[in-house]
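Coordinate inspection notes
Each chain is listed here by its residues.
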Amino acid sequence: NSSDLSPSFILASLPGPEGAQAWVAIPLCSAYVLAVSGNGAVLLLVRAEPGLHHPMYFFLCMLAAIDLALATATVPRILSLYWLGSREIGFGACLLQMFLIHALSAAESGVLLAMAADRYVAICHPLRHAAVLTNAATAKIGLLALARGVLFFLPLPLLLLPLPFCGSRLLSHSFCLHQDVMNLACANATPSVVYGLTAILLVMGLDALLICLSYILILKAVLRLPAWRERLKVFSTCVAHVCVVLAFYVPLIGLSVVHRFGKDLAPLVHIVMGNIYILVPAVLNPIIYGVRTKQIQRRILSLIHCQ
């Protein structure tokens with residue numbers, strides 16, 4: 001019905017018999033439990049350990065909090081889709097979920113940029129690091145990253161509100177994304193298309209370029225060191241951050257490519273890529289920093305020994 005201004009949408013589920021859907025949800029639920037426990041442990045660990053009260057670990061806490069919020073905004077709804085067969089999502093709930101996904105992703109991108117800047121100052125200007133990145137400045141950067149995500153992506157649901165939706169209501173993913181919902185509108189969605197692309201380029205695109213620039217400058221500074229062993233030691237402090245950046249941007253780029261060029265791909269590809277985009281950073285980030293950061297390893301080992 002084209003006059004329906006508040007439609008509901010149908011979330012995509014993996015193909016297969018209904019009995020198999022519950023089994024499909026088990027790895028998703030396991031990944032969600034890992035994400036919640038891992039990121040929750042990072043938050044508790046940094047809070048409890050005064051020796052970790054430094055900008056790098058505060059940024060890591062911000063990353064963990066964003067990953068927790070992003071996973072919680074999507075995965076429980078996905079699990080209800082597979083376990084309870086609840087495929088229908090209301091218009092308002094879909095727009096809210098869409099806004100949270102895009103705004104939190106933008107905030108995560110901003111925190112990753114701030115972490116790259118932290119590594120740049122620590123390596124290229126070590127004497128100024130404590131003066132530039134104080135705890136107060138770190139908190140302001142985190143709030144700025146969140147505010148930027150909210151301000152840039154709040155117009156997305158507002159631009160979709162007046163559009164009529166008719167015909168198919170089937171989404172390509174198990175959650176709501178702007179590109180996906182926008183494609184179902186049966187009216188001219190050009191303003192929404194233009195604004196969505198502009199926002200993504202100005203936020204995630206610009207952040208990615210600045211992160212690359214920071215690492216070019218870091219590499220120049222590292223290569224000026226006289227000994228290879230010293231170069232490797234200095235650059236090893238960036239390995240965890242590089243891995244986290246790849247864990248965020250590779251699924252993001254993959255999902256964008258699938259949306260842009262994958263119209264003829266099987267629905268399974270869209271669903272799997274969407275789930276990877278939501279879950280992979282949230283699961284991998286605490287593991288990467290837990291493996292690569294000696295201070296976190298020591299704290300975890302001390303807690304185990306106390307038990």
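Residues numbered from 1 in each chain as written. Predicted model: local features only at pLDDT ≥ 70, side-chain atom pairs only at ≥ 80, totals over all residues. Heavy atoms only, no water.

Looking at an unreviewed UniProt entry, the protein chain carries the name Olfactory receptor, with the source organism given as Erpornis zantholeuca. On record in UniProt, under Sequence similarities (unreviewed entry), the comment for the protein chain is "Belongs to the G-protein coupled receptor 1 family." (UniProt positions renumbered as here; feature names shortened; annotations may be inferred.)

Another aspect to go through is the overall build of the protein chain. Looking only at helices and strands, the protein chain features twelve helices and two strands. Secondary structure elements of the protein chain, listed N to C terminal, follow the sequence β-α-α-β-α-α-α-α-α-α-α-α-α-α. For 307 residues, the compact-globule estimate of 2.2 N^0.38 gives 19 Å, and the protein chain sits close to it at 21 Å. With the principal axes as the frame, the protein chain shows a C-alpha extent of 70 × 45 × 35 Å. Among the 307 residues that make up the protein chain, the fraction classed as buried is 45%. Excluding contacts between residues fewer than 6 apart, the proportion of contacts in the protein chain whose partners are at least 24 apart in sequence is 79%. (Helix = DSSP H or I, 4+ residues; strand = E, 2+ residues; numbered from the N terminus. Rg over C-alpha atoms; globule rule 2.2 N^0.38 Å. Buried < 20%, exposed > 50% of the residue type's maximum accessible area, 1.4 Å probe, protein only. Contact = heavy atoms within 4.5 Å.)

Further remarks concern the nonpolar core. Ranked by size, the top nonpolar core spans 84 residues in total, and within it Phe9 and Leu112 carry the most contacts. The leading source of residues in this core is helix H2 (residues 55-84), at 15 residues. For Leu112, the contacting residues outside a window of four places in its chain are Leu63, Ile211, His241, Val244, Val245, Phe248 and Tyr249. (Core = buried A, V, L, I, M, F, W, Y, C linked by side-chain atoms within 4.5 Å.)

Another point: empty space enclosed by the protein. Within this structure, the stated rule accounts for two cavities of 30 Å³ or more. For the largest cavity, the calculated volume is near 100 Å³. In terms of lining residues, the largest cavity is bounded by His102, Leu177, Gln179, Ile200, Met204, Leu252, Leu255, Ser256 and Tyr277. Listed by contribution, the elements that provide at least two residues to the lining of the largest cavity are helix H8 (190-223) and helix H10 (239-261). Here the lining of the largest cavity gets three residues from one element, more than from any other, and that element is H10. Grouping the constituent residues of the lining of the largest cavity by class yields six nonpolar, three polar and no charged. In this structure, the second largest cavity occupies an estimated 30 Å³ of space. Around the second largest cavity sit Asp67, Leu70, Glu108, Phe248, Tyr277, Ile278 and Pro281, which together line it. Elements that contribute at least two residues to the lining of the second largest cavity include exactly H2 and helix H11 (267-292). (1 Å grid on protein atoms, 1.4 Å probe; cavity = no way out; pocket = protein on both sides within 12 Å on 5 of 7 lines; lining within 4 Å. Points joined across faces, edges and corners; volume = space filled by probe spheres on them. Nonpolar A, V, L, I, M, F, W, Y, C, P; charged D, E, K, R; others polar.)

A word on a nonpolar patch on the surface. A surface patch of nonpolar side chains, about 400 Å² in accessible area, is lined by Leu146, Val150, Leu154, Leu158 and Leu161. Relative to the helices and strands, Leu161 resides in the loop between helix H6 (155-160) and helix H7 (178-182). A residue is classified by how much of its surface remains accessible, and Leu161, at 44% relative accessible area, is partly exposed. (Patch = residues over 30% accessible without salt bridge, like charges linked within 9 Å, V, L, I, M, F, W, Y side chains within 5 Å. Areas by Shrake-Rupley, 256 points an atom, 1.4 Å probe, with all protein chains shown as cover. Salt bridge = Lys/Arg side-chain N within 4 Å of Asp/Glu carboxyl O.)

If you check UniProt for "transmembrane region" (unreviewed entry), the listed places come out as residues 20-45, 57-79, 99-121, 141-165, 193-218, 239-262 and 268-291 in our numbering. Annotated as 100% helix and 0% strand, the span residues 99-121 places its first and last C-alpha atoms 33 Å apart. Taken end to end, residues 193-218 has its terminal C-alpha atoms 36 Å apart, with 100% of it in helix and 0% in strand.

Roughly 1200 Å³ of volume is contained in the largest pocket. Where the lining of the largest pocket is concerned, the elements lending two or more residues are H7, H8, H10 and H11. If you tally residues by element for the lining of the largest pocket, the top one is H10, at 13 residues. Looking at the lining of the largest pocket residue by residue, the classes come out as 28 nonpolar, twelve polar and four charged.

Taken as a whole and assessed by the stated rule, the structure comprises two disulfides. A disulfide bridge connects Cys94 with Cys176, and the sulfur atoms are separated by 2.0 Å. Across the S-S bond linking Cys94 and Cys176, the dihedral sits near -120°, which makes this disulfide left-handed. Of this pair, Cys94 sits in helix H3 (residues 91-124) while Cys176 sits in the loop between H6 and H7, and the two are 82 residues apart along the sequence. No difference in accessibility class separates Cys94 from Cys176, as the two residues are buried. Covalently, Cys166 is tied to Cys186 through a disulfide, its sulfur atoms 2.2 Å apart. A residue pair is termed long-range when its members are at least 10 positions apart, and Cys166 in the loop between H6 and H7 and Cys186 in the loop between H7 and H8 qualify at 20 residues. (Disulfide = S-S within 2.5 Å.)

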